[in-house]
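# Survey of secondary and tertiary structure
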Amino acid sequence: MNAAPALWTAEEAVAATGGHTAVAWEAAGISIDSRTLESGDLFVALKGPNFDGHAFLADAFRRGAAAAMVEVPPNGIDATSPVLVVPDSLTALGDMGAAARRRTGARIIAVTGSVGKTGTKEALKLVLSGQGAVSANTGSLNNHWGLPLSLARMPADTAFGVFEIGMNHAGEIDPLSRLARPHVAVVTAVEAVHSAYFESVEAIADAKAEIFAGIEPGGVAVLNRDNPHFDRLAAAAAAAGVDTVLGFGADPAAAVRLLEVDPDSHGSRVSADIAGEAVTYRVGVAGHHWVMNSLAVLAAVVAAGGEVRPAALALEGLKAPEGRGRRLTVAVADGHFELIDDSYNASPSSMRAAFEVLGRVRPCPGGRRIAVLGDMLELGDDAQALHAALAEPLEECAIDLVFTAGPGMGALWDALPRYMRGGHAADSDKLAPIVATAVRPGDVVTVKGSAASRMGLVVRALHALDNEEAAPQRAANDK
């Protein structure tokens, strides 16, 4: 059996970066973290405001690094060591990403948006994997170092590259789009997210429109036809030289149009017109936002030249990414409760989507629908009002009990009816034991908050209640 070709050889890395190395080497992958490095990886020593990867070179080599890319040759490593020396590691990583993009014939799909980026990217990875080799970001590696790393990890024989691009400020997407050079640019939606850094939601739309900056000639923009900023984004795409826009949504003018949806607590049956082709399929994750994600996915498949029907059928196997609605059954002595881990991030629109999903889940006898919420961050001067406004959709979705953490959520706590108040704490660390004590068999518990609110601590505290002696019941419920 022939071994798989190396992802990078020393010669290729030198050509891409302009660096120099004393010995030949081959790398099967690329890592920037010695803790997760796999044997055979090229370790890239990046410098950040709070860390310096050069301090972990010895650890990387102990773990089996094939080579290391550094700015300064390390002490204690001799001249025959597999070290690639470059002037700036981050710039060199970008150079490798650009070289990887040049050497592949893959169809490249770039995904941005205020919400739904990672879910859409993961769904595209799933549905296209049956149609060719797919390369995509791991997790949310979507920023000024995450995207270059993701591109540099793309093998030359990739058929489809699917890359999420994120931002917090204007001007951040433009250079990443030019690096990725997508054939298809997807904007999932524009919402008031990171609004502390923007004067208006229109300014957020303009920042998302930077994804068209690097689009390839003949490229396609995939836009949410139901979003109020569709026309603004379509105009920006046209100004960037994009001739084709595929709109998705329920709007009658959408090229990928939702015709009918039958939701349940575990997913949705969807009928849609996909660029003139009638398709019925099931989305394997609950929530209308996942239905919208599925339309964006199928529009991108059309734009990238993929096969629509196999892609649509594959959506039944979709699973929510970790921290973005993943459902777990926690077995306890007298039964079990269901945990919906949506702790990765939060915004007003994604909070409402999470409440809608929770509202559709029927608790077991004696159980309750419980929302455990941490602060939504980067909302600017409207933060208190936006937190308080969540009381209304919580009531509309028949949520029984709400636990909150953080100063922003204090405004929601004050706005909630007394019968819905489960408990409030200054932070997630203090809230976790309160929630762990309060849950009981039959409950359905959603945990959500912005990443910096650290609601993952609550998820871990609830998961720690799992009773191994009740494992057979848990396994049956997870089927």
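Look a little higher up for the structure.
Conventions used here
Residues numbered from 1 in each chain as written. Predicted model: local features only at pLDDT ≥ 70, side-chain atom pairs only at ≥ 80, totals over all residues. Heavy atoms only, no water. Salt bridge = Lys/Arg side-chain N within 4 Å of Asp/Glu carboxyl O. Helix = DSSP H or I, 4+ residues; strand = E, 2+ residues; numbered from the N terminus. Buried < 20%, exposed > 50% of the residue type's maximum accessible area, 1.4 Å probe, protein only. Disulfide = S-S within 2.5 Å. Pairing = 2+ DSSP bridges. Axes fitted to C-alpha atoms, helices over the stretch in contact; angles between N-to-C directions. Parallel < 35°, antiparallel > 145°, perpendicular 65-115°, else oblique. Contact = heavy atoms within 4.5 Å. Nonpolar A, V, L, I, M, F, W, Y, C, P; charged D, E, K, R; others polar.

To continue, consider the pattern of salt bridges. Any two side chains of opposite charge can pair, given that their charged atoms come close. As enumerated under the stated definition, the model contains 17 salt bridges in all. Across the salt bridge formed by Asp-59 and Arg-62, the nearest N and O atoms sit 3.6 Å from each other. Note that Asp-59 and Arg-62 are positioned in helix H2 (residues 57-62) at a spacing of three residues, about one turn of the helix. What makes Arg-62 exposed here is its relative accessible area of 64%. Note that Asp-59 is salt-bridged to Arg-63, the shortest N-O span being 3.3 Å. The class for Arg-63 is partly exposed, based on a relative accessible area of 40%.

To continue, consider the state of the cysteines. Counted under the stated rule, the structure contains zero disulfides. Cysteine Cys-364 shares no disulfide, and the gap to the nearest cysteine sulfur, in Cys-397, comes to 20 Å. According to the relative accessible area criterion, Cys-364 is partly exposed, its value standing at 33%. For Cys-397, a relative accessible area of 19% corresponds to the buried category.

Across seven bridges, the pairing between strand E14 (residues 267-274) and strand E15 (residues 277-283) is antiparallel. Across the sheet, residue Ser-271 finds its bridge partner in E15, namely Thr-280. Following E14, the chain reverses through two residues before pairing antiparallel with E15; Ala-275 in that reversal takes a positive phi of roughly 50 degrees.

Here we take up the packing of helix H1 (residues 10-17) against helix H3 (residues 89-103). In the contact formed by H1 and H3, the axes pass within 8 Å of each other and the chain directions differ by 110 degrees. In terms of axis orientation, H1 runs roughly perpendicular to H3. Facing H1, whose interface residues are Glu-12, Ala-13, Ala-16 and Thr-17, H3 presents Ala-92, Asp-95, Met-96, Ala-99 and Arg-103. Class assignment of the residues belonging to the contact of H1 with H3 gives a composition of five nonpolar, one polar and three charged.

Let us look at the sheet that holds strand E5 (residues 67-70). Read from one edge to the other, the open sheet built from four strands follows the order E3-E4-E5-E6, with strand pairing classed as parallel. The strands lining the two open edges of the sheet, one partner per strand, are strand E3 (29-31) and strand E6 (83-85). Neighbouring strand axes in the sheet, compared pairwise and without regard to direction, differ in orientation by 20 degrees on average. In the sheet, strand E4 (residues 41-44) pairs with E5 via three bridges, with the strands oriented parallel. Among the inter-strand pairings, Val-44 is bridged to a residue of E5, identified as Met-69. Strands E3, E4 and E5 of the sheet are contacted by H3, whose axis makes an angle of about 120 degrees with E5.

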